[in-house]
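Chains, contacts and geometry: an overview
Now for the letters of each chain:
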Amino acid sequence: MLDQDGRASFDVWGFPNGEQRTFTGTVSRDGVQHPVSLDVTSNAREPITAEPLEFVGAQQTTEGTLVTFRGTPGARYDLSTQGQHTSGTIAPDGLVRWAVSIPQGQVARVSWTTFGEAGAHHGVQEVAGPGVDDAAPAQIRVVGVEATATADVARVTIAGNAGDAVELHDGAFWWSGRLDDAGRASFDVWDFPNGEERTLRGEVRRGSQRIDTAITVTSEARKPVHAEALEHLDTTFTERGADVTFGGTPGASFRFAGPGEGPWSGVVPEDGLVRFSMVLDDRGAGVLSWQTIGDDHVAHTGTLEVQRPVTAEPGRGTVDPGFTVPGDQTGEPGDGDGGQPGDGGQTGDPGDPGDQTGDPGNGDDDGTPVADVAAEVLRPNGVTGTGILRVQDRSIAEYSSYYADVLIDGKQTESVLVSGKLREQSVRTGGPGAHTLELRKDGRSLTTVQYTVPETVSPVEPWQPTEQFAAALVGVNRVTKAVSYTVQDAGLTAPGARYTVQAWVDGRPVGVATVDATAHTETFPGGKAGTHRVELRTTDGRVLGGFEYTVPGAAA
């Protein structure tokens, strides 16, 4: 209906600017209709294609932080942050201004959206609030790369502007942090072998400003260590016990178990020497278990038996073999003076006319035995590289003893206790093939043994266990944690019959024991607090018996 001015308006959709159309119809009044035709050229507004908003800047005002964006005139916009919101149409000058409240010292994330008849865009802009240093950040650089205690891990140090925040990544690696007051920061890169080069990419930020960055790093990480077994080098007896020295692989970790004062664990130093202070029992004996492991998680374990040498004190009138008595010119029997009966002195009694010292002739100046040492290697095993050394010095009293160095093919491997009593000890024997074992004391050779290590298993014991084998727990020392037990095989009726068993605790060998017809006590280190299972096995692996014991402590 035409208004009183004879006019009416209507919208034509889908009628682009400049297009011409002819509209036809009728005009009616009082029931009389007249045809009409109209030619129209469109003056419609051109469609707006919105472009993304561009952040112009922000400034602090009394009304808050004034944020300014530039967009497409006529396009719609929507802004929001921290519960605040505004929207509208972009002005002809293309600028959108919004005063927003941002807390002191904080950076706000302003989300924006803009859209028109075509195109819609969304984004986020960080805006610095009052009191925020919004200066442009600086590029970073690498100032140091060094190894860490862990293999294949490099520590990288970067430098830039103090206070800048940095984020770096490369594959699985990701790190973020802030440069300190000196403009530096350090971080570790794992799985980064020595000599490998990597490029770490990321960004540097300050306030609302950020720049892309990239650094190239060459690893100086420590190379992985493959540990070799510890080698016993020296034993020095002290008032409380003994200080033992081992040779190991520098960089490998080590751990000890047994009565002592430590150190119990650590890393083998550059000189390869590891020392442990043992506490010996009332008999002057002790057993130390050790383990060493490298970065490849290959571990080596072993035990060391220590026995303090016993100084003989023979009775009057006798001279105990291996005990040197200085002459005192008193003429008393047994003191080695010029009138000793039977010593070859000047009394006319039978003796060696060439010996004028009264020394029994079987010791050196400090009483160290030098003769009549018998040794043999039993059951060498080509798989484990170990065997049993049976050794005795028949020139000294049963209760006398000393330490001798063991050399395999001319290389010292360990030290063993030699006494007047026949002893059996576990020793290294080398790999399959022929070898020579030599015992030395103070650089002097005591005896040599030729033996062959088979490629498979050790020779069979000359005597075999019987059904009368028995083993029983004696007790656990609450201080040293040493375990005492008895072993016996009453079925060994032949003279001199004996065989060797190995003590295994929780599947790990801890010592050896000689079994004969007489019950006797053996010991081994009990280990950590808790209940453990002991198996006594023959050298070919058969289990003869066992028992359980409990080491007191928190886990018991």
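Preceding this section is the structure that the text describes.
How each quantity is defined
- Residues take numbers from 1 onward in each chain, read along the sequence in its written order.
- Note on the predicted model: pLDDT of at least 70 is required for a residue's local features to be given, and 80 or more for side-chain atom pairs to be given and counted; whole-chain, interface and lining totals, by contrast, use all residues.
- Each side-chain value is worked out from all heavy atoms of the structure, with water and hydrogens disregarded.
- Secondary structure is summarised from DSSP: a helix means a run of H or I of at least four residues, a strand means a run of E of at least two, and numbering begins at the N terminus for each.
- Burial classes follow relative accessibility: with a 1.4 Å probe on protein chains only, a residue under 20% of its type's maximum area counts as buried, one over 50% as exposed, and anything between as partly exposed.
- In what follows, a contact means two residues having at least one pair of non-hydrogen atoms within 4.5 Å.
- Between any two strands, pairing holds if DSSP finds at least two bridges.
- To obtain an axis, a line is fitted to C-alpha atoms, over the contacting stretch when the element is a helix, and the angle between two such axes runs from 0 to 180 degrees between their N-to-C directions.
- Distance and chemistry together define a polar contact, namely a pair of N or O atoms within 3.5 Å, with one atom able to donate a hydrogen and the other to accept it when in protein, and with adjacent residues in sequence counting only for side-chain atoms on both sides.
- Lining residues are those with an atom within 4 Å of a point, where the points come from a 1 Å grid over the protein atoms alone and group into cavities, where a 1.4 Å probe fits but cannot get out, or pockets, open sets with protein on both sides within 12 Å along at least five of seven lines.
- Grid points are joined across faces, edges and corners, and a volume is the space filled by probe spheres set on the points.
- Under this grouping Gly is polar, as are all residues other than the nonpolar Ala, Val, Leu, Ile, Met, Phe, Trp, Tyr, Cys and Pro and the charged Asp, Glu, Lys and Arg.

The number of helices and strands found in the protein is 0 helices and 38 strands. Counting only residues that meet the buried cut, the protein has 38% of its 556 residues in that class. Partitioning the intrachain contacts of the protein with sequence separation of at least 6 by distance along the chain shows that 52% fall at a separation of at least 24.

Attention now goes to the sheet that holds strand β33 (residues 482-489). In spatial order, the strands read β32-β33-β36; together these 3 strands make up an open sheet with antiparallel pairing. The open sheet terminates on both sides in strands that have one partner only, identified here as β32 (469-476) and β36 (520-525). Neighbour-to-neighbour, the strand axes of the sheet open up by a mean angle of 30 degrees, direction not taken into account. Summarising the sheet, β33 and β36 pair through 6 bridges and their orientation is antiparallel. Following the sheet pairing, Thr-486 is matched in β36 by Thr-521.

It is worth spelling out the pairing of strand β37 (residues 530-538) at this point. Relative to β37, strand β34 (residues 499-505) runs antiparallel, the two being bridged by 5 bridges. Each residue of the ladder has a partner; that of Gln-502, found in β37, is Arg-537. One ladder, built from 8 bridges, connects β37 with strand β38 (residues 543-551); its direction is antiparallel. Across the sheet, Glu-535 pairs through a bridge with Gly-546, a residue of β38.

Among the secondary structure elements, Glu-203 is positioned in strand β15 (residues 197-206). A distance of 3.4 Å separates the side chain of Glu-203 from the side chain of Arg-205, its partner in a polar contact. Beyond its immediate sequence surroundings of up to four residues, Glu-203 is in contact with Ala-165, Val-166, Glu-167, Arg-210, Ile-211, Asp-212 and Thr-213.

Okay, the layout of surface pockets next. By volume, the largest pocket is sized at about 1,200 Å³. For the lining of the largest pocket, the element with the most residues is strand β24 (residues 299-307), which contributes 6 residues. Classifying every residue of the lining of the largest pocket gives 13 nonpolar, 25 polar and 9 charged. Taken as a whole, the second largest pocket encloses approximately 980 Å³ of empty space.

Now for the side chain of His-232. Relative to the helices and strands, His-232 is located in strand β17 (residues 231-237). By relative accessible area, His-232 is classed as buried at 3%. Of the polar contacts made by the side chain of His-232, one reaches the backbone oxygen of Asp-234; its length is 3.1 Å. Within the structure, His-232 has its side chain in polar contact with the side chain of Thr-235 (distance 2.7 Å). Once residues lying within four places of it in the same chain are set aside, the contact partners of His-232 are Val-244, Thr-245, Phe-246, Leu-304, Gln-412, Thr-413, Glu-414, Ser-415 and Arg-428.

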